[in-house]
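# Fold and contact review
These are the residues of each chain, in order.
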Amino acid sequence: QVQLVESGGGLVQPGGSLRLSCAASGSIFSINAMGWYRQAPGKQRELVADIISGGSTNYADSVKGRFTISRDNAKNTVYLQMNSLKPEDTAVYYCRSSITMVDGYEYDYWGQGTQVTVSS
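Attention in this report is confined to the structure presented alongside it. (Residues numbered from 1 in each chain as written. Predicted model: local features only at pLDDT ≥ 70, side-chain atom pairs only at ≥ 80, totals over all residues. Heavy atoms only, no water.)

## Here's the deal with the overall build of the protein chain
Of the regular secondary structure elements, the protein chain holds zero helices and 11 strands. Mapped from its N terminus to its C terminus, the protein chain presents α and β elements in the order β-β-β-β-β-β-β-β-β-β-β. In summary, the protein chain has a C-alpha radius of gyration of 14 Å against a globular reference of 14 Å for 120 residues, a match within 12%. Along the first, second and third principal axes, the C-alpha atoms of the protein chain reach 50 × 25 × 25 Å. Put simply, the protein chain has 120 residues, and 42% of those count as buried. Contacts in the protein chain between residues far apart in sequence, at least 24 positions, make up 55% of those at least 6 positions apart. Of the roughly 6,300 Å² of accessible surface on the protein chain, a fraction of 47% belongs to carbon and sulfur atoms. Separation of charge centres in the protein chain, based on 10 positive and 10 negative side chains, amounts to 6 Å. (Helix = DSSP H or I, 4+ residues; strand = E, 2+ residues; numbered from the N terminus. Rg over C-alpha atoms; globule rule 2.2 N^0.38 Å. Buried < 20%, exposed > 50% of the residue type's maximum accessible area, 1.4 Å probe, protein only. Contact = heavy atoms within 4.5 Å. Areas by Shrake-Rupley, 256 points an atom, 1.4 Å probe, with all protein chains shown as cover. Lys, Arg positive; Asp, Glu negative; His and termini not counted. Charge placed at Lys NZ, Arg CZ, Asp CG, Glu CD.)

Next up, the structure:
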């Protein structure tokens, strides 16, 4: 079993910054990809950014140039640095990870979500 524990959400004014963290723990053999998704009230969950084991990244157009995803493989942790935040970035942010377990099988896991609110 794997746990993804997120932290770093909160309330911030427009133009401000937040850094989200997501740490994976459990019977992990390797982490293939990690990413952040978000879901605003009344909207579908959408990809914000992801990063694969080789380091390649992918961003939603709406966050390019403002958000940066990174990972620390030694700590099984992914980060999302969010700068120049806008009210439309308000959402619950979820961490997702594709993990190969010690049994050799690959599974997808989700974190519990962390609220990000951008408001003056």
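## A word on the packing of aromatic side chains
According to the stated counting rule, one finds two aromatic pairs in the structure shown. Consider the rings of Y107 and Y109, whose centres lie 6.3 Å apart with planes at 50°: the pair is tilted. When the ring centre of Y94 is taken as origin, the NZ or CZ atom of R45, which lies over that ring, is 3.7 Å away. (Phe/Tyr/Trp six-rings, centres within 6.5 Å; stacked < 30°, edge-to-face > 60°. Lys NZ or Arg CZ within 6 Å of the ring centre and 35° of its normal.)

## Quick look at the pattern of salt bridges
When their charged atoms lie close together, side chains carrying opposite charge are able to pair. Under the criterion given, the structure shown has five salt bridges. Where K64 meets D61, a salt bridge forms, and the shortest distance between an N and an O atom there is 3.1 Å. According to the relative accessible area criterion, D61 is exposed, its value standing at 64%. Ionic pairing is found between D89 and R66, a salt bridge with its closest N-O pair at 2.8 Å. Residue D89 is found in the loop between β8 (77-82) and β9 (91-101), and its partner R66 is found in the loop between β6 (57-59) and β7 (67-72); the two are separated by 23 residues along the sequence. Take D89 and R66: they sit in the same class, and that class is buried. In the salt-bridge network here, residues are joined through shared partners; they are R38, E46, R66 and D89. (Salt bridge = Lys/Arg side-chain N within 4 Å of Asp/Glu carboxyl O.)

## Brief notes about the environment of T57
Its place among the elements puts T57 in strand β6. Residue classification places T57 among the partly exposed positions, given a relative accessible area of 41%. For the pair formed by T57 and S70, sequence separation is 13 residues and the distance between their alpha carbons is 8.4 Å.

## Topic: the state of the cysteines
Evaluation of the coordinates by the stated rule reveals one disulfide. Across the disulfide, C22 is cross-linked to C95 (sulfur-sulfur distance 2.1 Å). Taking the torsion about the sulfur-sulfur bond, which here is approximately -80°, the covalent link between C22 and C95 counts as left-handed. Residue C22 is located in strand β3 (residues 18-26), and its partner C95 is located in strand β9; the two are separated by 73 residues in the primary sequence. Across the pair, C95 and C22 agree in class, each one buried. (Disulfide = S-S within 2.5 Å.)

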